[in-house]
Amino acid sequence: MTVRAESASFDLERQWSAVQNQLRAEYGDAAFKTWLASLSLEGLEGDRVRLGVPTRFLRDWIASHYADRIKVLWRRANPVVDGIALTVTPTPSKVTKASDAMVMPSTATTPRMAHVSIGEPEQKASVAEIGPSADVSAPLDPRCTFENFVVGKPNELAFAAAKRVAELNELPFNPLFIYGGVGLGKTHLMHAIAWEIQRQDPSRKVVYLSAEKFMYQFIRALRFKDTMRFKELFRSVDVLMVDDVQFIGGKDSTQEEFFHTFNTLIDRGSQIVISSDRSPAELSGLEERIRSRLGWGLVVDIHPSTYELRLGILQSKAEGLAAQVKVPDRVLEFLATRITSNIRELEGALNRIVAQATLVGRAITLEMAQEVLQDLLRAHERRITIEEIQKKVAEHYGLKLSDMHSARRARVVARPRQVAMYLAKQLTPRSLPEIGRRFGGRDHTTVMHAIRKIEELRSQDSVMNEDIEKLRRQLHG
Ligand code: ADP
Ligand code: MG
């Protein structure tokens, strides 16, 4: 290298420092560290400055958000410069170092998960200094395995997809996006994936955490001005699972960071698994770009449970308890009929009954279950509306919804109407006058008469009795 070239490259370094300082001053420390600190000066080619970025995603992001400004600052620092070029140049040394710090010795009870320490000032990334409070990966529930997951129509697709992700080394779909209502088994499946991967290959780094925790970690890293390390740590995992991602919406910088991490991992060929209570398209508060990217892999939803699935889950849980206590099938069927909103509540109900039985030494019967679960059952019944009852009953007897309100007295219409009134009294907290009003403005004595009539019929007519039980079950979900 000639003396001139050497001093020119020295000048270039100096100019780059000036540009960096200016960028930091204009965008602030946090944004600078997040987006711009990883830029490296590669050299001047003609009138273009070549800058290196570690990932494709970062390159695109900088190109669309910062490139114009960087160009202006470069021109100001060096009039020869007329443009910049961004090239992807991975920096493996840093990533390796960070990933070393993530491996913790495995323990007997939890699989070896990646443990990450972030943000403590002056803390070195060494294994010895990483305490439990610094875990990035949340603990796994030992009960949440594939073996303990009962498969039925509503969750079979999600189950199959989760198994594929856990079983194969190639990436069948990336990301895997699992969504569904509360308590339907999303977290269970994610834990099962983590257990299974760890079982097969303990050297793979799996990080499972809630989106809230992810946000918290990121904000903490921002506070300690340590976002680069945050990024590197997350980016050295083989499998990243983020639970309940709907909580990421809204918070701009974490959203960006999440997306950024996400893209880097996908670029590197790491598996990502995401869960949410809604589909990617319904994730309001999330940028369109991010939403669509989340749906690139495979999106599977867990449907609300069916009676069969609920019963299956209860039976499998009851089997596990068989040594302690016997739960009669009738009680399981009763629970599966009445507690329909989510599996967590269903489990909770079974646990309450079992606790009562073992603590007080009481046999489990239907009456006992009803008594123990009184409050829970009542809460469930309140959710049914008169309108739903009318619809279901009309459908069942092949009538129109309007027949429920009409003045027609023919038995084919009047009897089902009475059934609907009876169910309205049983399944909703509405008073007799209210019910009367909702059935075409009838008097409360009419409703009372209907209830008596149906009660009488139920005790004599088994078909009627079955009809009502069936309707009640359908209405409960
Ligand atoms: P989500 O994350 O969707 O809100 P969870 O995974 O936490 O729901 O599930 C709630 C509870 O129900 C957990 O205890 C879980 O083990 C249990 N559960 C859910 N689905 C099933 C299933 N198919 N088989 C066995 N247990 C289940
Ligand atoms: Mg969950």
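Everything numeric in this text was worked out from a predicted model, so none of it was measured.

Cut-off values and rules
Residues numbered from 1 in each chain as written. Chains lettered and ligands numbered in written order. Predicted model: local features only at pLDDT ≥ 70, side-chain atom pairs only at ≥ 80, totals over all residues. Heavy atoms only, no water. Axes fitted to C-alpha atoms, helices over the stretch in contact; angles between N-to-C directions. Helix = DSSP H or I, 4+ residues; strand = E, 2+ residues; numbered from the N terminus. Parallel < 35°, antiparallel > 145°, perpendicular 65-115°, else oblique. Left-handed = near helix turned anticlockwise from the far one by under 90°. Contact = heavy atoms within 4.5 Å. Nonpolar A, V, L, I, M, F, W, Y, C, P; charged D, E, K, R; others polar. Expected span 1.5 Å × (residues − 1). Buried < 20%, exposed > 50% of the residue type's maximum accessible area, 1.4 Å probe, protein only. Arc of directions from axis to C-beta. Salt bridge = Lys/Arg side-chain N within 4 Å of Asp/Glu carboxyl O. Near = heavy atom within 4 Å. Polar contact = N/O pair within 3.5 Å; in protein donor to acceptor, adjacent residues only side chain to side chain. Areas by Shrake-Rupley, 256 points an atom, 1.4 Å probe, with all protein chains shown as cover. Phe/Tyr/Trp six-rings, centres within 6.5 Å; stacked < 30°, edge-to-face > 60°. Lys NZ or Arg CZ within 6 Å of the ring centre and 35° of its normal. 1 Å grid on protein atoms, 1.4 Å probe; cavity = no way out; pocket = protein on both sides within 12 Å on 5 of 7 lines; lining within 4 Å. Points joined across faces, edges and corners; volume = space filled by probe spheres on them. Domains from an automatic or database assignment. Core = buried A, V, L, I, M, F, W, Y, C linked by side-chain atoms within 4.5 Å. Pairing = 2+ DSSP bridges.

Participant: What is the right way to look at the packing of helix 8 (residues 227-235) against helix 9 (residues 252-268) in this model?
Facilitator: In a pair of packed helices, the angle between the axes and the distance between the axes together describe the arrangement. As a packed pair, helix 8 and helix 9 sit with axes 9 Å apart at the nearest point and diverge in direction by 40°. Looking at the two axes, helix 8 sits oblique to helix 9. The hand of the helix 8/helix 9 crossing is right-handed. Between helix 8 and helix 9, the contacting residues are F230, K231, F234 and R235 on the first element and E257, H260, T261, T264, L265 and R268 on the second. Grouping the amino acids of the contact of helix 8 with helix 9 by side-chain chemistry returns three nonpolar, three polar and four charged.

Participant: Explain helix 19 (residues 444-460) here, please?
Facilitator: One turn of the α-helix equals 3.6 residues, which is why residues spaced by three or four share an orientation. When the terminal C-alpha atoms of helix 19 are compared, their 25 Å separation across 17 residues agrees well with the 24 Å that a helix rising 1.5 Å per residue should span. What helix 19 keeps buried is the set V447, A450, I451, I454, L457 and R458. Looking down the long axis of helix 19, one finds its buried residues gathered within 135° of arc, a one-sided arrangement. Opposite the packed face of helix 19, turned more than 90 degrees from it, sit the exposed residues R452, S459 and Q460. Those residues of helix 19 hidden inside the fold are in contact with helix 17 (411-427), helix 18 (432-438) and helix 20 (462-475).

Participant: Mind showing me how you'd approach the pattern of salt bridges here?
Facilitator: A pair can form between side chains of opposite charge whenever their charged atoms are brought close. Under the definition given, this model contains 19 salt bridges. Note that E167 and K163 form a salt bridge whose closest N and O atoms lie 3.8 Å from each other. Highlighted residues: E167 and K163, both in helix 5 (residues 156-167), separated by four residues, approximately one helical turn. The class of E167 is partly exposed, set by a relative accessible area of 39%. The shortest N-O distance in the salt bridge between R430 and E434 comes to 3.6 Å. Among the charged side chains, a salt-bridge network with shared partners connects R458, E469 and R472.

Participant: How should I be thinking about the site of ligand 1 in this particular structure?
Facilitator: What surrounds ligand 1 is a group of 17 residues, the closest being V150, G183, T187, H188 and R344. Between G185 and ligand 1, the recorded distance is 3.1 Å, taken from a backbone N or O atom to an oxygen atom. Here an oxygen atom of ligand 1 sits 2.8 Å away from a polar atom, N or O, in the side chain of R344. Look at ligand 1: alone it shows 550 Å² of surface, and the protein chains cover 90% of it. Listed by contribution, the elements that provide at least two residues to the shell around ligand 1 are helix 6 (186-200), helix 11 (307-321) and helix 13 (343-360).

Participant: Which parts of the structure should I look at to understand the packing of aromatic side chains?
Facilitator: For any pair of aromatic rings, the description rests on two quantities: the centre-to-centre distance and the angle between the ring planes. For the structure shown, the criterion picks out five aromatic pairs. Ring plane angle 5° and centroid distance 5.7 Å describe the contact between F149 and F159, whose orientation is recorded as stacked. Taken together, the residues F149 in the loop between helix 4 (92-102) and helix 5 and F159 in helix 5 connect sequence positions 10 residues apart. Each member of the pair, F149 as well as F159, is classed as buried. Ring-pair connections join several aromatic residues into one group, and the members of that group are F146, F149 and F159. In this arrangement the basic side chain of R473 is found over the ring face of Y307, its NZ or CZ atom lying 5.9 Å from the centre.

Participant: What is the right way to read the layout of surface pockets from this model?
Facilitator: Vacant regions in the atomic arrangement are exposed by a probe of water-molecule size rolled over the atoms. The volume enclosed by the largest pocket comes to roughly 880 Å³. As for the largest pocket, its lining consists of 31 residues, and the residues nearest its centre are C144, H188, K317, I343 and E347. Here the lining of the largest pocket is built from residues that sort into 11 nonpolar, 11 polar and nine charged. Lining the lining of the largest pocket are residues from two domains, each supplying at least three of them: domain 2 (130-302) and domain 3 (307-381).

Participant: Looking at this structure, how should I read the packing of helix 7 (residues 211-223) against helix 8?
Facilitator: At a minimum axis separation of 8 Å, helix 7 and helix 8 run at an interaxial angle of 145°. Here F214, Q217, F218, A221 and L222 of helix 7 come into contact with helix 8, specifically with T227, F230 and F234. When the residues that make up the contact of helix 7 with helix 8 are grouped by side-chain class, the tally is six nonpolar, two polar and no charged.

Participant: Would you explain the nonpolar core in this entry?
Facilitator: Soluble globular proteins tend to pack their nonpolar side chains together in the buried interior. One finds F146, L176, I178, L189, I193, M241 and V273 to be the most contacted residues of the largest nonpolar core, which totals 28 residues. Those elements giving two or more residues to this core turn out to be helix 5, strand 4 (176-180), helix 6, strand 5 (206-210), strand 6 (239-243) and strand 8 (298-302). The dominant element in this core, judged by the number of residues it contributes, is helix 6, at seven residues. Here I178 is in contact with A158, K186, L189, V273, I274, S275, S276, V300 and I302, once residues within four sequence places are set aside.

Participant: I tried to follow the sheet that holds strand 7 (residues 271-276) on my own but got confused; where do I start?
Facilitator: For sheets, the rule is that strands pair by backbone hydrogen bonds, running either parallel or antiparallel. Taking strand neighbours across the sheet as the criterion, the five strands line up as 5-6-7-4-8 in an open arrangement whose pairing is parallel. Each edge of the sheet is formed by a strand with only one pairing partner; in this case those strands are strand 5 and strand 8. Strand-to-strand twist in this sheet, taken as the mean axis angle between neighbours without regard to direction, amounts to 15°. Sitting on the sheet, helix 5 touches strand 4, strand 7 and strand 8, and the angle it makes with strand 8 is about 135°.

Read these as spatial facts, not as claims about activity.
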